[in-house]
Amino acid sequence: MLFLVAALLLLGVVLGTVAHAPLSFTLVAAVVIGVWLAVFAIRERHGRRRATSSD
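Definitions and limits used
- Residues numbered from 1 in each chain as written.
- Predicted model: local features only at pLDDT ≥ 70, side-chain atom pairs only at ≥ 80, totals over all residues.
- Heavy atoms only, no water.
- Helix = DSSP H or I, 4+ residues; strand = E, 2+ residues; numbered from the N terminus.
- Buried < 20%, exposed > 50% of the residue type's maximum accessible area, 1.4 Å probe, protein only.
- Areas by Shrake-Rupley, 256 points an atom, 1.4 Å probe, with all protein chains shown as cover.
- Patch = residues over 30% accessible without salt bridge, like charges linked within 9 Å, V, L, I, M, F, W, Y side chains within 5 Å.
- Salt bridge = Lys/Arg side-chain N within 4 Å of Asp/Glu carboxyl O.

(A) Summary view of the overall build of the protein chain. Looking only at helices and strands, the protein chain features 2 helices and 0 strands. Classification of the 55 residues of the protein chain by burial places 11% in the buried group. Carbon and sulfur atoms make up 73% of the accessible area of the protein chain, which amounts to about 4900 Å² in all.

(B) The arrangement of a nonpolar patch on the surface in detail. The grouping of Met-1, Leu-4, Leu-8, Leu-11 and Leu-15 at the surface amounts to a nonpolar patch, some 550 Å² of accessible area in total. Take Leu-15: it is sitting in helix H1 (residues 2-15).

(C) How the structure looks around the environment of Thr-26. Within the secondary structure, Thr-26 is located in helix H2 (residues 23-54). Along the chain, Thr-26 and Val-13 lie 13 residues apart, while their C-alpha atoms are 9.7 Å from each other.

Without other data, these values stay purely geometric and don't point to any function.
Shown next as structure tokens:
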């Protein structure tokens, strides 16, 4: 999942979308997206364990 975030960020730099934003903004946005994806993954994993243990 983090590989996907890194690939999209690199694609944005190559295409010039992120190149015009300040580096600090880009890094903060990458961290926010990474944290959001980590929280999503943890919630999904926790939800699956709860669903399988109650069956």
